[in-house]
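# Coordinate inspection notes
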Amino acid sequence: MNSLAGFSLQRWLLAPRTTWRARWLRAAHPHLSCDQAWVLARLHRHPEEAPYAHAHLRRHISGPQD
């Protein structure tokens, strides 16, 4: 992670509005991880991406698969 409040530079460049909202969510709800906040912010603007977000969070929680 870098100095952009825990969000990768790639996320800032590719989806600045989503990342800005995720940063705001994380500040308001410190129990959320950066990844969780970003997914919630992404779903706010793009609800049709729910299946992808769910799969991403499941992989994140379960850890890397061999």
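Reference entry: report on the structure contained in this document. (Residues numbered from 1 in each chain as written. Predicted model: local features only at pLDDT ≥ 70, side-chain atom pairs only at ≥ 80, totals over all residues. Heavy atoms only, no water.)

### What about a nonpolar patch on the surface?
- Judged by side-chain polarity, Leu-9, Leu-13 and Leu-14 come together as a nonpolar surface patch covering roughly 360 Å² of accessible area.
- With respect to the helices and strands, Leu-9 occurs in helix H1 (residues 9–14). (Patch = residues over 30% accessible without salt bridge, like charges linked within 9 Å, V, L, I, M, F, W, Y side chains within 5 Å. Areas by Shrake-Rupley, 256 points an atom, 1.4 Å probe, with all protein chains shown as cover. Salt bridge = Lys/Arg side-chain N within 4 Å of Asp/Glu carboxyl O. Helix = DSSP H or I, 4+ residues; strand = E, 2+ residues; numbered from the N terminus.)

### Details of the packing of helix H2 (residues 16–28) against helix H3 (residues 34–45)
- Running from amino to carboxyl end, H2 crosses H3 at an angle of 125°, the nearest separation of the two axes being 8 Å. As the angle between them shows, H2 and H3 are arranged oblique. As for the relative orientation of H2 and H3, their crossing is right-handed in sense. Listed contacts from H3 to Arg-17, Thr-18, Thr-19, Arg-21, Ala-22, Leu-25 and Arg-26 of H2 are Cys-34, Ala-37, Trp-38, Leu-40, Ala-41, Arg-42, His-44 and Arg-45.
- For the contact of H2 with H3, the class distribution of residues is seven nonpolar, three polar and five charged. (Axes fitted to C-alpha atoms, helices over the stretch in contact; angles between N-to-C directions. Parallel < 35°, antiparallel > 145°, perpendicular 65-115°, else oblique. Left-handed = near helix turned anticlockwise from the far one by under 90°. Contact = heavy atoms within 4.5 Å. Nonpolar A, V, L, I, M, F, W, Y, C, P; charged D, E, K, R; others polar.)

### Digging into the pattern of salt bridges
- Per the stated rule, a full pass over the model turns up one salt bridge.
- The salt bridge involving Glu-49 is made with Arg-42; its shortest N-O contact spans 2.9 Å.
- Note on Glu-49: relative accessible area 22%, which makes it partly exposed.
- Classification of Arg-42 as partly exposed rests on a relative accessible area of 21%. (Buried < 20%, exposed > 50% of the residue type's maximum accessible area, 1.4 Å probe, protein only.)

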